Each structure stands twice: as C-alpha cells, then as structure tokens.
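# Reading the structure
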Amino acid sequence: MLVLLAGIFVVHIATVVMLFVSTIANVWMAGTSSLGTNSTGLWLKCDAGKCHQIAFAEGDMSSLKAVQAFMILAIIFSFISLVMFVVQLFTMEKGKRFYITGAIMLICWLFILIAVSIYTARFPHYFTAPQDHHGYSFILAWICFCFSLIIGILYLVLRKK
C-alpha cells in the first residue's frame, strides 16, 4: 500500500509540473514557415525566435482568456489537491478514504477538460498550413487530463492503512 501511495504521489507531482509547463510554454500549436519555425501558446505567438502578443479575432480572444483561466485554475486545484493529500495522509484515521483529495483532483480534471476542449473547438482554423500541428504543450495538457482523472478516481477508492 505504501508503494501505491508513493507512486500516486509521484504521478501527482508529475501532473502538477506538466500542467505548469503546458500552461507556460508557447507551443500549443507549432509549424514551419519560410521564416523558420513558429509556435503559438496561450500567451504568445513566436515566429523565427521573435515573440509577440497573440492576435485572434475578437470573439476568439474571450475563448483564449477562458482557456488561460481554466488552465491556471487546474494548476491551483492540482496543487491544493497535492497539499490536501499530504495533510490527510498524516492526520486522517486509518481506514478512511481520501474523499477531499479525490474531489479536488476531479475538479482539476474538469478544468483541464474545459480548457483543452475550448482550445480544440475554437482555434484549429487559425492553423491550416499542412505543416502546422499541435505542439507538446497541447499534448501535455491532454496527458494531464488523463492523469488527473486516474489520480482523482484512485484517491476516491483508496483507504489509508
């Protein structure tokens, strides 16, 4: 049981780190052009090493702000869930389940789902060149989505022994 809890703890820390990297890095979409490589993240668009503010249509800027907000909330709730796990691990009686930690992690999962779904639905039409593709930040966000769901369910099922 100790090995399982340690494994979940390590995966949870990895999820927090990957969420942070996914939100900060400017590689949600990537591609090449005549100027070199280009990438677009949640905050900046970088063309051939020069980064500038993202310029989408006005209607899509509110969607981008929603993606930014939900990714930041996902980081916050994932970190809170990690802290709650440590607190519950040392203060909870034996035989009890990690309900609070699991519930907070599933809220994090929901925030990631909303953020990545909005980005998937609203922004691919800006990247229509054949060489454009989703970048590692976008893929990391989907991996964090899977990990947070698994971790949240495991926290709800596990008992402290």
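This section reports on the structure supplied with the text. Everything quoted here is computed from the prediction, not taken from an experiment.

### Considerations on the packing of helix H2 (residues 58–91) against helix H3 (residues 99–122)
Interaxial distance between H2 and H3 falls to 8 Å at its minimum, and their mutual angle equals 160°. One finds that H2 runs roughly antiparallel with respect to H3. Regarding H2 and H3, the two cross each other, and that crossing is left-handed.

### Considering the pairing of strand E4 (residues 50–53)
Sheet topology places strand E3 (residues 44–47) next to E4; 4 bridges connect them, and they run antiparallel. In the sheet register, Asp47 faces E4, and the bridge partner there is Lys50. Turn length for the E3-E4 hairpin, with the two strands adjacent in sequence and antiparallel, is 2 residues, and the turn residue Ala48 shows positive phi of about 50°.

### Some words on H3
Its 24 residues place the ends of H3 34 Å apart at the C-alpha level, agreeing with the 34 Å of an ideal helix rising 1.5 Å per residue. All of the buried residues along H3 are Thr101, Gly102, Ile104, Met105, Cys108, Phe111, Ile112, Ala115, Val116 and Tyr119. Its buried side turned inward, H3 meets helix H1 (2–24), strand E1 (29–33), strand E2 (36–40), H2 and helix H4 (136–157).

### Let's talk about the packing of aromatic side chains
To describe a pair of aromatic rings, you give the distance between the ring centres and the angle between the ring planes. Counted under the stated rule, the structure contains 14 aromatic pairs. For the ring pair Tyr119 and Phe138, a centre distance of 6.0 Å and an interplane angle of 45° mean the geometry is tilted. Placement of Tyr119 in helix H3 and of Phe138 in helix H4 is noted, with a sequence separation of 19 residues between them. Tyr119 gets classed as buried once you look at its relative accessible area, which sits at 1%. A relative accessible area of 6% means that Phe138 is categorised as buried. Here Trp142 and Phe145 contribute two aromatic rings whose centre-to-centre distance is 5.3 Å and whose plane-to-plane angle is 80°, an arrangement assigned as edge-to-face. Here the residue Trp142 and the residue Phe145 both occupy positions in helix H4, the gap between them amounting to 3 residues, near one helical turn.

The rules behind each value
- Residues numbered from 1 in each chain as written.
- Predicted model: local features only at pLDDT ≥ 70, side-chain atom pairs only at ≥ 80, totals over all residues.
- Heavy atoms only, no water.
- Axes fitted to C-alpha atoms, helices over the stretch in contact; angles between N-to-C directions.
- Helix = DSSP H or I, 4+ residues; strand = E, 2+ residues; numbered from the N terminus.
- Parallel < 35°, antiparallel > 145°, perpendicular 65-115°, else oblique.
- Left-handed = near helix turned anticlockwise from the far one by under 90°.
- Pairing = 2+ DSSP bridges.
- Expected span 1.5 Å × (residues − 1).
- Buried < 20%, exposed > 50% of the residue type's maximum accessible area, 1.4 Å probe, protein only.
- Contact = heavy atoms within 4.5 Å.
- Phe/Tyr/Trp six-rings, centres within 6.5 Å; stacked < 30°, edge-to-face > 60°.

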